[in-house]
Amino acid sequence: MEFLQVVLTALLSAAALFVIAKLMGHKQVAQLDFFDYISGITIGSIASELATELETPWKPLIAMAVYGVVAIILSLVTSRLPKSRKYINGTPTILMDSGKLYRENMKKAKLDLSEFMMLCRQLGYFDLNDIQTAVFEYNGKLSVLPVSGKRPANPADLGLTPTQEHICTEIIMDGRILAENLKRRGLEEKWLQKQLDAQGFHSAKEIFLGVCDENNNLTLFEGK
C-alpha cells in the first residue's frame, strides 16, 4: 500500500510540475522540452533527498524511477505520434510577420515587447525593419527570417560554386594524441611528429589543441 502511495505521489507531482511549467511559458525551458526541464529539476531534487535519506531510501529511489519511466514513455509517444508533440512540447508561435507584431501571440508565449527586442538584438537584428518573420520556438529560442534585401549575400547569389568544406578532426587535445582520430584520417604518429617538427614543436605535450582538415593540413594551438 505504501509502495503504491509513493508511486501515485510521484506521478501527481510530475503532473503538477508539468502544468506549472506550461503556465510559466516557453522562455523558462531554454533548449529543453517541457518534461525534460521539469524532470531534470525534480530528479535532481529527489536525488539530493535520496543522498540524505537514511531510514527509507527506497522511497525517493522509487520516485526517481517513476520520473525516469514517465520521461521515456513521453519520448516514445512523441516519436511515434507526431501529433502529440504540440500537446506535450508545444508549438512554434509567430510573433512578427511582414512588419506586423502579434500582441496576442506574445501574451501566449509569456513574452513582453522588451524581451522580444532583446532576443532580436542577440541575433544581430537591431532594426525590426530588417525582419520578415520572427518565430518563437517551443524550446524558448527565437528564429528570424530576414528581409531578402537585408540578408547577407551567399555564393549562390554571386553565381559561385565553392568547394564543400568539412569539419576538422581533433588530433591533439590537451597535450594528448588522439590515436583513434589519427588512424581514422589514415595518418600515423610519424607523420604527426614531422608536422610538429616543421612547426617548431618537439612533442604533442606542448600543444593544447591540434586539428586536421580534409586535406591533412594540421593547425596547432599552444596553451598559454
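For the structure, see preceding data.
Along each chain, the written sequence defines residue order, and numbers are assigned to residues from 1. Since the coordinates come from a predicted model, pLDDT governs what is reported: local features require at least 70, and pairs of side-chain atoms require 80 or more to be given and counted, while whole-chain, interface and lining totals use all residues. Side-chain calculation: all heavy atoms of the structure are included, whereas hydrogens and water are not.

### As for the overall build of the chain
Logical step 1: The secondary structure content of the chain amounts to 8 helices and 8 strands.
Logical step 2: Exposure categories follow from relative accessible area, calculated using a 1.4 Å probe and restricted to protein chains: below 20% of the type maximum is buried, above 50% is exposed, and the middle band is partly exposed. Classification of the 224 residues of the chain by burial places 29% in the buried group.
Logical step 3: The contact definition used throughout considers only heavy atoms, calling two residues in contact when any of these lie within 4.5 Å. Considering only residue pairs separated by 6 or more positions, the chain has 51% of its internal contacts joining residues 24 or more positions apart.
Logical step 4: Accessible surface, the chain: about 15100 Å² in total, of which carbon and sulfur atoms supply 59%. For the purposes of this entry, the term helix denotes a DSSP run of H or I that reaches at least four residues, the term strand denotes a run of E that reaches at least two, and both are numbered from the N terminus. Each accessible area value is a Shrake-Rupley result obtained with a 1.4 Å probe; residue values ignore everything except the protein chains displayed when judging cover.

### Brief notes about the side chain of Asn-181
Logical step 1: Turning to its location among the elements, Asn-181 is positioned in helix α7 (residues 179-184).
Logical step 2: Contact partners of Asn-181, with chain neighbours within four places excluded, come to Thr-169, Glu-170 and Ile-171.

### What to know about the pattern of salt bridges
Logical step 1: Here, a salt bridge means any Lys or Arg side-chain nitrogen found within 4 Å of an Asp or Glu carboxyl oxygen. Going through the model one piece at a time under the given rule, you end up with 3 salt bridges.
Logical step 2: Put simply, Arg-151 and Asp-157 hold a salt bridge, and the shortest N to O gap is 3.0 Å.

### A look at the nonpolar core
Logical step 1: The nonpolar core is taken to be a set of buried Ala, Val, Leu, Ile, Met, Phe, Trp, Tyr and Cys residues, with the residues joined through side-chain atoms within 4.5 Å. Counting residues in each nonpolar core, the largest one holds 15 residues, and the members touching the most others are Phe-116, Ile-131 and Leu-142.
Logical step 2: Where this core is concerned, the elements lending two or more residues are β1 (93-97), α6 (113-122), β3 (131-136) and β4 (142-146).
Logical step 3: Contact partners of Leu-142, with chain neighbours within four places excluded, come to Leu-95, Phe-116, Leu-119, Cys-120, Leu-123, Ala-134, Val-135 and Phe-136.
Logical step 4: Of all hydrophobic cores here, the second largest spans 12 residues; its members include Ile-171, Leu-192, Phe-201 and Ala-204.

### Looking at the state of the cysteines
Logical step 1: Counting rule for disulfides: a pair of cysteine sulfur atoms within 2.5 Å. Inspection of the entire model under this criterion finds 0 disulfides.
Logical step 2: Cysteine Cys-212 shares no disulfide, and the gap to the nearest cysteine sulfur, in Cys-168, comes to 7.7 Å.

### Structural notes on the environment of Asp-157
Logical step 1: With respect to the helices, strands and loops of the structure, Asp-157 is situated in the loop between β4 and β5 (169-173).
Logical step 2: Filtering out sequence-adjacent residues up to four positions away, Asp-157 remains in contact with Arg-151 and Pro-152.

### A word on the side chain of Thr-169
Logical step 1: Residue placement: Thr-169 occurs in strand β5.
Logical step 2: Classification of Thr-169 as buried rests on a relative accessible area of 15%.
Logical step 3: Setting aside residues up to four positions removed in sequence, Thr-169 forms contacts with Asn-181, Arg-185, Gly-210, Val-211 and Cys-212.

### With respect to the sheet that holds strand β6 (residues 176-177)
Logical step 1: Strand pairing is assigned whenever DSSP identifies at least 2 bridges connecting the two strands. Reading across the sheet, the 4 strands line up as β6-β5-β7-β8 and stay open at both edges, with antiparallel pairing between neighbours. Both edges of this open sheet fall to β6 and β8 (218-222), since each of them pairs with a single strand only.
Logical step 2: Bridge analysis of strand β7 (residues 207-212) against β8 gives 5 bridges, and the strand direction is antiparallel. Paired with Leu-209 across the bridge in β8 is Phe-221.
Logical step 3: Packed onto the sheet, helix α8 (residues 189-198) meets β5, β6, β7 and β8 and runs at close to 60° relative to β8. Between the N-to-C directions of two axes lies an angle of 0 to 180 degrees, each axis being a line fitted to C-alpha atoms and, for a helix, fitted only over the stretch in contact.

### So, the pairing of β7
Logical step 1: Inspection of the sheet shows β5 paired to β7 by 4 bridges, in the antiparallel sense. Residue pairing across strands places Ile-172 opposite Gly-210, the latter belonging to β7.
Logical step 2: Between β7 and β8, which pair antiparallel in sequence order, lie 5 residues; one of them, Asn-216, sits at a positive phi of approximately 60°.

### Side note on unusual backbone geometry
Logical step 1: Of note, the phi angle at Ser-98 is positive, near 55°, even though the residue is not glycine.
Logical step 2: Here Asp-174, not a glycine, exhibits a phi torsion of approximately 55°, which is positive.
Logical step 3: On the basis of relative accessibility, which here comes to 54%, the residue Asp-174 falls in the exposed class.

No statement about biological role is implied by the geometric values presented.
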